[in-house]
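Take a look at the letters that make up each chain.
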Amino acid sequence: MKKFANVFATAWGIVAVGAVIGVLAPLLQKLGNPGNMGICVACFERDIAGSLGLHRAEVVQYMRPEIIGFVLGSLVAALLFKEFRPRAGSAPIVRFVLGVFAMIGALVFLGCPWRALLRLSGGDLNAILGILGLAFGIWVGTLFLKAGYNLGRTEKAHSAAGLVMPAIMAGFLVLAILYPPIAGEPKNDILFTSIKGPGSMHAPLIVSLVIGLAIGFLAQRSRFCTMGAIRDLVLFGQTHLFMGILGLVVVAFVTNLVLGQFKLGFEGQPVAHTMHVWNFLGMALAGLAFALAGGCPGRQLFLAGEGDGDAAVFVIGMIVGAGIAHNFGLASSPQGIGPHGVAAVVVGFAVCLVIGLTMRKSAA
Amino acid sequence: MSTTVDARGLSCPQPVILTMEKIKELGTGEFTVLVDTDTSKENVSRAAASKGWEVKDIQPDGEGYRITLKKG
């Protein structure tokens, strides 16, 4: 039976992929990435936005090879297993806007769902508020899904159209290699690079890239998705994807203990703040946007790698959203929320609720 | 084989939602789900199995798959 052709889609497969990420992410931190930020899709896309000069927050600018690896690793897996399916056309502008607000929400919390799990496994108790908020936002999303929310069907697209996002990422990689950071300089000919702060903390390019490629490959095969994990549990009572994030948290916790990176508490956690309400609400906004867009930020990268042009638009939305978040004081810092973070969360919820309420379409 | 759910082009979790609705509506019997990605194929099969439905057959169909589900 073809059902079992993909071992990564089995229960053990998804747990194994979660476990592998649970080892590799803390390892990336050991090798230079910021605290409890071995991997953070939102933070790393924000760093890429900074590297390109879309925002000028000096401490968060770096062309993160992990993100590039995620897309290209997924592309390789999709091509190898004949799952590369160029497609597009399911309300791209809506997906762009959802990407923008997903990023804004994530930057109010200071992390995507992946980092929320990694923060928890590193002992950062503020992550609990974020994860609860994430679950709440996804739960709200499932209410819309039950009421018939649907962004419509995609259409088959040209192969070249499906390769646009991988090509952009390949271009970023070429820039990162041709224009390496100059020691002590905030900018070379092309790219901005932080000389202090989280953006200045990174594992060697080749290590980040190879681990990114490996995770991209595995996640494409297993369909690993942090948002889907909670959504499927709430919506269908299914635990399949949830086992994946459980595997990630447990193994990352053990790895952090082994590497001496575990520190329990609320105060003084790396790249985190202790404003519980905004940790909850920021992630709730992100969770709702992820649920309405059909995938966590990691999953959107893997989908973009297998030719999904709508997921690619969501990714671009997140990168632009990072620019907006830092240019207009919406993003938080370890000192707390930004001057306009509250307004951004309110506007974000309003926009997502309108999207959820108005975009219903009989699919059958 | 008269009933078909067309979930092609729909993103997660729509194919599973449509399949679950049909399972609820029919109770027992047989129906076909059309999907266009391997992810949807796996998700629909897994969801149907969790409701006690048998994945009777999966055939390549154009760009995607034709999944036949059966119960009773």
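As a convention, each chain's residues are numbered from 1 in the sequence order in which they are written. All chains are assigned letters beginning at A, and all ligands numbers beginning at 1, according to the order in which they are written. The predicted origin of the model limits local features to residues at a pLDDT of at least 70 and limits the giving and counting of side-chain atom pairs to 80 or more, whereas totals for whole chains, interfaces and linings rest on all residues. The side-chain values count all of the structure's non-hydrogen atoms but skip hydrogen atoms and water molecules.

Digging into the overall build of chain B
Counting its secondary structure elements, chain B contains 2 helices and 4 strands. Counting from the amino terminus, helix and strand elements in chain B follow one another as β-α-β-α-β-β. Every radius of gyration here is taken over C-alpha atoms, with the globule rule written as 2.2 Å times N^0.38, N being the number of residues. Radius of gyration (C-alpha) of chain B: 11 Å, near the 11 Å computed for a compact globule of 72 residues. Considering only C-alpha atoms, chain B reaches an extent of 30 × 20 × 20 Å along its principal axes. Per-residue burial over chain B gives 54% buried out of 72 residues. All accessible areas in this document rest on Shrake-Rupley with a 1.4 Å probe, and a residue is counted as covered only by the protein chains that are shown. Working note: accessible area of chain B is about 3000 Å², and carbon and sulfur atoms make up 45% of it. Under the convention used here, Asp and Glu are negative, Lys and Arg are positive, and both His and the chain ends fall outside the count. Charge placement uses NZ in Lys and CZ in Arg. For Asp and Glu, CG and CD serve respectively. Separation between the mean location of the 10 positive side-chain charges and that of the 11 negative ones in chain B comes to 7 Å. Secondary structure counts use DSSP, requiring at least four H or I residues in a row for a helix and at least two E residues in a row for a strand, with both numbered from the N terminus. Three exposure classes are used, based on accessible area relative to the maximum for each residue type with a 1.4 Å probe and protein chains only: buried under 20%, partly exposed in between, and exposed over 50%.

Topic: the environment of phenylalanine 81 of chain A
Residues and elements named next belong to chain A. Relative to the helices and strands, phenylalanine 81 is located in the loop between helix H3 (65–80) and strand E1 (87–88). Residue phenylalanine 81 is classed as partly exposed on the basis of its relative accessible area, which comes to 40%. Sequence-wise, phenylalanine 81 and threonine 274 are 193 residues apart; in three dimensions their C-alpha atoms are separated by 44 Å.

Quick word on the sheet that holds strand E1 (residues 4–6) of chain B
Residues and elements named next belong to chain B. In spatial order, the strands read E1-E2-E4-E3; together these 4 strands make up an open sheet with mixed pairing. Each edge of the sheet is formed by a strand with only one pairing partner; in this case those strands are E1 and strand E3 (54–61). Neighbouring strand axes in the sheet, compared pairwise and without regard to direction, differ in orientation by 20 degrees on average. Here the rule is simple: two strands pair whenever DSSP picks up at least two bridges between them. In this sheet, strand E2 (residues 29–35) lies alongside E1 in parallel orientation, the contact comprising 3 bridges. From the neighbouring strand, threonine 4 faces E2, where its bridge partner is threonine 32. Across the sheet, helix H1 (residues 14–26) lies against E1, E2 and strand E4 (64–71), angled at about 165 degrees from E2, the strand it touches most. The contact definition used throughout considers only heavy atoms, calling two residues in contact when any of these lie within 4.5 Å. Only the contacting stretch of a helix is used when fitting its axis, a line to C-alpha atoms as for every element, and angles between N-to-C directions run 0 to 180 degrees. The sheet contacts of helix H2 (residues 38–50) involve E2, E3 and E4, and relative to E4 the element is tilted by about 5 degrees.

Considerations on the interface of chain B and chain A
Listed as interface residues are 28 residues of chain B and, on the opposing side, 26 residues of chain A. Values labelled buried area give the accessible surface lost by two parts on being combined, using a 1.4 Å probe and summing over both. Note on chain B versus chain A: buried area summed over both sides is about 2300 Å², and carbon and sulfur give 53% of it. Salt bridge, as used here: a side-chain nitrogen of Lys or Arg that lies within 4 Å of a carboxyl oxygen of Asp or Glu. Seen at the junction of chain B and chain A, the total is 3 salt bridges. Its salt-bridge partner being glutamate 42 of chain B, residue arginine 223 of chain A comes within 2.8 Å of it at the nearest N-O pair. Polar contact is the term for a pair of N or O atoms within 3.5 Å; when the atoms are in protein, one must be able to donate a hydrogen and the other to accept it, and sequence-neighboring residues count only if both atoms are side-chain atoms. Summed over the shared surface of chain B and chain A, the number is 12 residue pairs in polar contact (both at pLDDT 80 or more). Considering each element in turn, the side of chain B that touches chain A owes the most residues, 7 residues, to H2 of chain B. Note on residue categories: nonpolar means Ala, Val, Leu, Ile, Met, Phe, Trp, Tyr, Cys or Pro, charged means Asp, Glu, Lys or Arg, and polar means any other residue, Gly included. Class assignment for the residues of the side of chain B that touches chain A results in 12 nonpolar, 7 polar and 9 charged.

Focus on the pattern of salt bridges
Enumeration over the complete set of coordinates arrives at 16 salt bridges over all chains. The closest approach of N and O atoms between arginine 221 of chain A and glutamate 83 of chain A, which form a salt bridge, is 3.1 Å. Of the two residues, arginine 221 of chain A is situated in helix H9 (residues 205–222) and glutamate 83 of chain A in the loop between H3 and E1; the sequence distance between them amounts to 138 residues. On the basis of relative accessibility, which here comes to 3%, the residue arginine 221 of chain A falls in the buried class. Within this structure, Glu83, Arg221 and Arg223 of chain A together with Glu42 of chain B form a network of salt bridges that share partners.

Some remarks on the packing of aromatic side chains
All names here are of chain A. Two rings from Phe, Tyr or Trp (for Trp, the six-membered ring) form a pair when their centres sit within 6.5 Å of each other. Planes less than 30 degrees apart are called stacked, planes more than 60 degrees apart edge-to-face, and all others tilted. In this structure the tally under the stated criterion is 10 aromatic pairs over all chains. Summarising the aromatic geometry, the rings of phenylalanine 70 and tryptophan 114 are spaced 5.5 Å apart at their centres and angled 40 degrees between planes, so their arrangement reads as tilted. With phenylalanine 70 in helix H3 and tryptophan 114 in helix H5 (residues 113–121), this pair connects stretches of sequence that are 44 residues apart. Classification of phenylalanine 70 by relative accessible area gives buried; the value is 1%.

Quick notes on the nonpolar core
Note on terminology: a nonpolar core comprises buried Ala, Val, Leu, Ile, Met, Phe, Trp, Tyr and Cys residues joined through side-chain atoms within 4.5 Å. Ile39, Leu98, Trp114 and Phe224 of chain A are the most contacted members of the largest nonpolar core, which totals 108 residues. Beyond its immediate sequence surroundings of up to four residues, leucine 98 of chain A is in contact with Tyr149, Leu151, Ala289, Leu292, Ala293, Phe314, Cys352 and Ile355 of chain A. Among the nonpolar cores identified, the runner-up in size contains 16 residues, and Val5, Leu10, Leu18 and Trp53 of chain B belong to it.

What to know about the environment of alanine 304 of chain A
Residue and element names in this part refer to chain A. Within the secondary structure layout, alanine 304 lies in helix H13 (residues 297–305). Taking relative accessible area as the criterion, alanine 304 reaches 1% and is therefore assigned buried. In this structure, the C-alpha to C-alpha distance between alanine 304 and isoleucine 48, residues 256 residues apart in sequence, is 17 Å.

Observations regarding the packing of helix H1 (residues 11–30) of chain A against H9 of chain A
Residue and element names in this part refer to chain A. Where H1 contacts H9, the two axes come as close as 10 Å, and the packing angle between them is 165 degrees. Regarding the angle of H1 to H9, the classification is roughly antiparallel. Helix-helix and strand crossings are classified by hand; for H1 and H9 the assignment is left-handed. Residues Ile14, Val17, Val20, Ile21, Leu24 and Leu28 of H1 pack against Val207, Ser208, Ile211, Ile215, Leu218 and Ser222 of H9. Residues of the contact of H1 with H9, tallied by class, amount to 10 nonpolar, 2 polar and no charged. Each angle is binned into one of four classes, with values under 35 degrees roughly parallel, values over 145 roughly antiparallel, values of 65 to 115 roughly perpendicular, and all other values oblique. Handedness of a crossing is defined here by the sense of rotation of the near helix relative to the far one, left-handed for an anticlockwise turn of less than a right angle and right-handed for a clockwise turn.

Description of the state of the cysteines
The criterion for a disulfide is a pair of cysteine sulfur atoms lying within 2.5 Å. In total, this model carries 1 disulfide over all chains according to the counting rule given. Shown here is the disulfide that connects cysteine 40 of chain A with cysteine 43 of chain A, its sulfur atoms set 2.3 Å apart. Around the S-S axis, the bridge from cysteine 40 of chain A to cysteine 43 of chain A shows a dihedral of about 65 degrees and counts as right-handed. Taken individually, cysteine 40 of chain A and cysteine 43 of chain A each receive the classification buried, so the pair is uniform in this respect. Cysteine 352 of chain A takes part in no disulfide bond, and the closest cysteine sulfur, belonging to cysteine 296 of chain A, lies 16 Å away. Cysteine 12 of chain B takes part in no disulfide bond, and the closest cysteine sulfur to it belongs to cysteine 225 of chain A, at a distance of 7.5 Å.

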